[in-house]
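Report on the structure
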Amino acid sequence: MKILLLSSAYNGLTQRVHVELMQRGHTVSIEIAINEQTMLEGVQLFKPDIVICPYLRHRIPESILRLYMCIVVHPGIKGDRGLSSLDWAIQNKEPEWGVTSIQAAVEMDTGDIWATATFKMRPGTKSSIYSIEVTEAAVKVVLQTLDRFQDASFKPEPLDYSKPDVCGQLLPNMKQVDRRIDWQVDTTATILDKLYAGDGSPGVVDVIFGNEYYLYGATREINLGEGKLLGEPGELISTRLGAICRATIDGAVWLSHLKRKASNGDKPCFKLPAAMVLGDKIENLPEIPVSIYHSTANTFREIWYEEKNAVGYLHFDFHNGAMSTGQCLRLRDAVMEVRSRPTRVLVLMGGRSAWSNGVHLNIIEASNNPAEESWHNINAIDDLIYSILTATNKITVAAVHGNAGAGGVPFALACDKVCVRSGVVFNPHYKSMGLYGSEYWTYSLPRRVGYEKALEITEACLPMGMQEAKQIGLIDFIIPEMLDAFDNKVKMMTESLAQSNNYEKILESKARRRSHDEFVKPLKVYRQQELRRIREDFYKPNTPYHPVRKQFVYKTPATGTPVRLAHHRRSNRTDDSVLLLKERTGSQTALGLIHNPIKIS
């Protein structure tokens, strides 16, 4: 079928639906919903069989509804209506929630129901639940809707609140007054519910030192007692790795990020580590360190380590997958430390919502010299990846539960084996950010998929699903389970590897391969060539990186749909990325290769 994805942004859910539909052989094009004119223009150009709206915060014009079947994917159960669906579900502690595909109507969320899927709610932030459970349920309802659309005998279900299975209701848009925290009354559990419901967007507005800020990244603190991490409700009592700890009536919570609320006429603000935002206002607060061997989960920590049955599990969970200079260096130091542990396998266990998206663009934007901070950040992540590539005394495994983009993909590929949750989406490219990239990608990507495919992937700037990634050899294993079940599967696989009779042969083979690759072309040469190219992107005048980064950080609304996504807007011309690919194909100077790539077995 010809399917148009009409979406307010090309977000993670839209990318996942795009990947799933392409994988099933559909002809898919994307139109970003800018306004009524662009939406109408998009459907008229593409003339789809059906319009699917995975993430739509705009009203579909009647002119489109009269001509095309439009299906809205709503993050709510049957009968649920409103733009704050998931927010209310989290804040009200709903035990079960779901996703429903609704035929678009003039009055939003009132159309016939085509499909629905439910899931059990877990304690977690809105952004995490949206990226995992909501996305998985959305894929199910989209595929079921398309099957039913092609079935002439199927009749969608009119919205009828008298039916016992229609349990949702129309709820108002959640406002800040609904999210407001009363530090003198609210328990830690209540505060976490409010913060979880606003995490990602819009955040919860609160007052700190007389100024209003949006709060993000909440974690309960249970290490209480002996006057440690205790204070008057609402009082800031300590810091850790950029986060701040705030006392409650029955404990304390960590807040990892803040965004100052801009006043009228002020320059827009963006999210940053909380301590960085507050600056010298908190210079007298004690910094409470935490060891990577700290065993308590209920505290703020970004990196921690555990061992079992000759396997070491190095966890890292950075907010939204962005990795600052300091975070990269701390993780590098942790890798170097645990490399010397008496284990046979080292597993890198990233965050559940995001594995890694490379360098920290927000911190770069906030620095006094963004070019200089970009340079420090890219070198720090290179140092991290080098520590993994050179770990020849044990087998390394990447356990990728969340999406990965830009430098986060070669970060995973630095490991010997890559195990990925089936619903993950990779964006293994830099070009859309105006960068050449580093992270040893010119080594790790071609050695898995070959030169031609590596160039095709990095030039196309399109998301990749895990079926395709497995087919081309980019990853090794797909794990269909989620959350704890995913972790348990990884542990079973890696502990079996550690106890395998072939372990020594596998390790010896790895050492020989690394020695061979180093002899043919040292890693430092790959790094030098990559950094030479990306340094120009950072420092040369009029490069696209700086304005594109600003648009990303400040969340500047899109003014159009990129041609690489909107096939209907290509006007029968070859896409720029394809032209560039053809110009560079046949010349290996782009990747700096001087030998045939070696495929990881």
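Refer to the structure printed above.
Residues numbered from 1 in each chain as written. Predicted model: local features only at pLDDT ≥ 70, side-chain atom pairs only at ≥ 80, totals over all residues. Heavy atoms only, no water.

1. Some words on the overall build of the protein chain
This is how the line gets drawn: Going along the chain from the N terminus, every DSSP run of H or I of four or more residues is numbered as a helix, and every run of E of two or more is numbered as a strand. We take the radius of gyration over the C-alpha atoms and set the globule estimate at 2.2 Å times the residue count to the 0.38 power. Buried residues are those whose accessible area, probed at 1.4 Å on protein chains only, stays under 20% of the maximum for their type, while exposed residues exceed 50% and partly exposed ones sit between those limits. Using a 1.4 Å probe, accessible areas were evaluated by the Shrake-Rupley method; residue-level cover was limited to the displayed protein chains. Charge counting treats Lys and Arg as positive and Asp and Glu as negative, with His and both chain ends excluded. Note on charges: their place is set at NZ of Lys, CZ of Arg, CG of Asp or CD of Glu.
Regarding its fold elements, the protein chain presents 20 helices and 22 strands. Over its C-alpha atoms the protein chain spans a radius of gyration of 25 Å, differing by no more than 12% from the 25 Å that the globule rule assigns to 601 residues. Burial status across the protein chain gives 55% buried among its 601 residues. In the structure as shown, the protein chain presents an accessible area of about 26000 Å², 51% of it carried by carbon and sulfur atoms. Averaging the coordinates of the 71 positive side-chain charges in the protein chain and doing the same for the 68 negative ones gives two points 4 Å apart.

2. Considering the sheet that holds strand E21 (residues 464-465)
Quick reminder of the rule: Any two strands with at least two DSSP bridges between them are considered paired.
Judged by pairing direction, the sheet is mixed, and its 4 strands sit side by side in the order E16-E18-E20-E21 without closing on themselves. Across the chains shown, the open sheet's two edge strands, defined by having one partner strand only, are strand E16 (354-356) and E21. Relative to E21, strand E20 (residues 425-427) runs antiparallel, the two being bridged by 2 bridges. Its bridge partner being in E21, Phe426 is matched across the sheet by Met464.

3. Things to note about the packing of aromatic side chains
For clarity, the cut-off: Planes of paired rings set the category: under 30 degrees apart is stacked, over 60 is edge-to-face and the rest tilted, where pairs are Phe, Tyr or Trp rings (Trp by its six-membered ring) whose centres lie within 6.5 Å. Charge over a ring is defined by NZ of Lys or CZ of Arg lying within 6 Å of the ring centre and within 35 degrees of the ring normal.
In the structure shown here, the tally under the stated rule is 14 aromatic pairs. Among the aromatic side chains, those forming a connected cluster through ring pairs are Phe316, Phe318, Trp355 and Phe411. The lysine or arginine in question, Lys271, covers the ring of Tyr216, its NZ or CZ lying 4.2 Å from the ring centre. Sitting over the face of the ring of Tyr539, Arg535 holds its NZ or CZ atom 4.3 Å from the ring centroid.

4. Structural notes on the pairing of strand E14 (residues 311-316)
In terms of burial, E14 is a largely internal element, 6 of the 6 residues being buried. Residues Val311, Tyr313 and His315 point to one face of E14 and Gly312, Leu314 and Phe316 to the other, with burial holding for every one of them.

5. With respect to helix H1 (residues 12-23)
Going by this rule: To estimate how far a helix should reach, multiply one less than its number of residues by 1.5 Å. Throughout, a residue-residue contact means that at least one pair of heavy atoms, one from each residue, lies within 4.5 Å.
The end-to-end C-alpha distance of H1 is 16 Å, a good match for the 16 Å that 12 residues give at a rise of 1.5 Å each. Buried residues dominate H1, accounting for 9 of its 12 residues. Those residues of H1 that fall on the buried side of the exposure criterion are Leu13, Thr14, Gln15, Arg16, Val17, His18, Val19, Glu20 and Leu21. In this fold, the buried residues of H1 make contact with strand E1 (2-7), strand E2 (27-32), helix H5 (126-149), E20 and E21. Of the residues trailing H1, Gly25 is marked for its positive phi of about 85°.

6. So, empty space enclosed by the protein
Rule in force here: With a 1 Å grid spanning the protein atoms alone, the term cavity applies to any set of points in which a 1.4 Å probe fits but cannot get out, the term pocket to an open set with protein on both sides within 12 Å along at least five of seven lines, and the term lining residue to any residue with an atom within 4 Å of a point. Grid points are joined across faces, edges and corners, and a volume is the space filled by probe spheres set on the points. Charged means Asp, Glu, Lys or Arg here, nonpolar means Ala, Val, Leu, Ile, Met, Phe, Trp, Tyr, Cys or Pro, and polar covers whatever is left, Gly included.
Scanning the model with the defined rule gives 5 cavities of 30 Å³ or more in all. Considering only enclosed or pocket space, the largest cavity measures out at about 120 Å³ in volume. In terms of lining, the largest cavity is formed by 14 residues, of which the most central are Val72, Ala104, Ala105, Met108 and Asp109. Considered class by class, the residues forming the lining of the largest cavity number 8 nonpolar, 4 polar and 2 charged. When its volume is computed, the second largest cavity comes out at roughly 100 Å³. If you go around the second largest cavity, you meet 11 residues; those closest to its centre are Leu389, Asp416, Arg447, Lys510 and Arg514. Taken together, the elements giving at least two residues each to the lining of the second largest cavity come down to helix H11 (370-389), helix H13 (441-449) and helix H17 (503-520). Among the elements that make up the lining of the second largest cavity, the one with the highest residue count is H17 (4 residues). Looking at the lining of the second largest cavity residue by residue, the classes come out as 5 nonpolar, no polar and 6 charged.

7. Quick look at the side chain of Arg339
Where we set the bar: Note on definitions: salt bridges are taken to be side-chain nitrogens of Lys or Arg within 4 Å of carboxyl oxygens of Asp or Glu.
Inspection of the secondary structure assignment puts Arg339 in helix H9 (residues 325-339). Among buried Asp, Glu, Lys and Arg side chains, Arg339 stands out as unpaired, with Asp416 the closest opposite charge at 11 Å. Ignoring any residue separated from it by four or fewer positions in sequence, one finds Arg339 in contact with Ser387, Thr390, Ala391, Asn393 and Lys394.

8. As for the pairing of E2
The condition that has to hold: If the strands point away from the viewer and the path from the first strand over the helix to the second runs clockwise, then the crossover is right-handed.
Taken across its 6 residues, E2 has 5 buried, putting it largely inside the fold. With 6 bridges joining them, E1 and E2 adopt parallel strand pairing. Bridging across to E2, Leu5 finds its partner in Ile30. Crossover handedness for the path E1 to H1 to E2: right-handed.

9. Quick word on the pattern of salt bridges
Tallied over the full model, the rule gives 35 salt bridges. With a shortest N-O distance of 2.5 Å, Glu133 and Arg122 are connected by a salt bridge. Taken as a pair, Glu133 in helix H5 and Arg122 in the loop between strand E6 (113-120) and H5 lie far apart in primary sequence, 11 residues in all. Exposure remark for Arg122: the relative accessible area of 22% places this residue in the partly exposed category. Residue Glu157 is joined to Lys163 by a salt bridge in which the shortest nitrogen-to-oxygen separation is 3.7 Å.

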